[in-house]
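So you can see what is in the structure, the chains are spelled out below.
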Amino acid sequence: MPRAEFDAVLLDSTRLTIVSLLAGAEWAEWSWVREAAELSASALSKQIGTLERHGYVDVKKGYVGKRPRTWVALSTAGRTALEKHAAALQQIVDSSRRVTEQQSGTGQAESP
């Protein structure tokens, strides 16, 4: 079986959290993402900037009444990257289970 290939951008747990949150929304308001990811405004800004440079998110600015707002959405490239990254993680889990099952079948697995 080929080795799992992770997305280097999504190896950072904060960026992985952000794209995972965005996967469930069409557009998410900046403040919601900040609160859900438990980040400061500056930390979120830095991570969104990185994700935007890689084409993983789209950012839209506008107004609600007279108040400026920013919305973020997961791009098609970002969704694809997340799916591939999650598949690589799942591949490791599946491989570990197979090894454990093989070892327990041959009596090599030991209890703690």
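This report concerns the structure included in the present document. Given the structure is predicted, the values throughout are model-derived calculations rather than measurements. By convention here, each chain's residues receive numbers from 1 onward along its written sequence. Only residues with pLDDT of 70 or above have their local features reported here, since the model is predicted, and side-chain atom pairs are shown and tallied only from 80 upward, although totals for entire chains, interfaces and linings are computed over all residues. As a rule here, side-chain values come from all non-hydrogen atoms in the structure, and water together with hydrogens is ignored.

### What to know about the overall build of the protein
Link 1 in the chain: Helix and strand labels come from DSSP, where a helix needs a run of H or I of at least four residues and a strand needs a run of E of at least two; each type is numbered from the N terminus. Each helix and strand counted, the protein has four helices and three strands in total.
Link 2 in the chain: Starting at the N terminus, the α and β elements of the protein follow one another as α-β-α-α-β-β-α.
Link 3 in the chain: Dimensions of the protein along its principal axes, counting C-alpha atoms only, are 70 × 30 × 20 Å.
Link 4 in the chain: Each of the 112 residues in the protein was classed as buried or not, and the buried ones make up 29%.
Link 5 in the chain: Should any heavy atoms of two residues lie within 4.5 Å, those residues are considered in contact. Residue pairs at least 24 apart in sequence account for 54% of intrachain contacts in the protein once pairs closer than 6 positions are excluded.
Link 6 in the chain: Shrake-Rupley sampling with a 1.4 Å probe provides the accessible areas, and residues are treated as covered by the protein chains on show and by no other component. Accessible area for the protein stands at about 7,600 Å²; split by element, carbon and sulfur atoms hold 50% of it.
Link 7 in the chain: Averaging the coordinates of the 14 positive side-chain charges in the protein and doing the same for the 13 negative ones gives two points 9 Å apart. Relative accessibility under 20% of the residue-type maximum defines a buried residue, over 50% an exposed one, and the middle range a partly exposed one, all with a 1.4 Å probe and only protein chains included. A residue counts as positive if it is Lys or Arg and as negative if it is Asp or Glu; His and the chain ends are not included. All charge positions are set by atom: Lys at NZ, Arg at CZ, Asp at CG, Glu at CD.

### Some details on the packing of aromatic side chains
Link 1 in the chain: The pairing test for Phe, Tyr and Trp rings, Trp by its six-membered ring, is centres within 6.5 Å, and the orientation test on the planes gives stacked under 30 degrees, edge-to-face over 60, and tilted for anything in between. Summed over all chains, the structure comprises zero aromatic pairs.
Link 2 in the chain: For the cation-ring pair, Lys60 lies above Trp27, with the distance from its terminal atom to the ring centre recorded as 4.4 Å.
Link 3 in the chain: It is Lys60 that lies over the ring of Trp71; its NZ or CZ is 6.0 Å from the centre. As a reminder, the over-ring test applies to NZ of lysine and CZ of arginine, requiring each to be within 6 Å of the ring centre and within 35 degrees of the ring normal.

### A short note on helix α1 (residues 13-22)
Link 1 in the chain: Those residues of α1 lying buried are Arg15, Ile18, Val19 and Leu22. Angular distribution of buried residues about the axis of α1 spans 90 degrees; they occupy a single face of the element. In this context, the arc is that of the directions from the helix axis out to the C-beta atoms.

### Overview of the side chain of His85
Link 1 in the chain: Inspection of the secondary structure assignment puts His85 in helix α4 (residues 76-106).
Link 2 in the chain: Sequence-distant contacts of His85, that is, excluding residues within four places in its chain, are made with Phe6, Asp7, Leu10, Leu11 and Leu16.

### Quick notes on the pairing of strand β3 (residues 67-74)
Link 1 in the chain: Each pair of strands is called paired provided DSSP finds at least two bridges between the two strands. In this structure, strand β1 (residues 28-29) lies alongside β3, joined through two bridges in antiparallel fashion. Bridge assignment links Glu29 to a residue of β3, and that residue is Trp71.
Link 2 in the chain: Following strand β2 (residues 57-64), the chain reverses through two residues before pairing antiparallel with β3; Gly65 in that reversal takes a positive phi of roughly 65 degrees.

### Focus: a nonpolar patch on the surface
Link 1 in the chain: Residues Phe6, Leu11, Leu89 and Ile92 make up a contiguous nonpolar surface patch of about 350 Å² in total accessible area.
Link 2 in the chain: By the element assignment, Leu89 lies in helix α4. Patch membership needs two things, relative accessible area over 30% and no salt bridge, and members are linked within 9 Å if like-charged or within 5 Å if nonpolar (Val, Leu, Ile, Met, Phe, Trp, Tyr). Salt bridge, as used here: a side-chain nitrogen of Lys or Arg that lies within 4 Å of a carboxyl oxygen of Asp or Glu.

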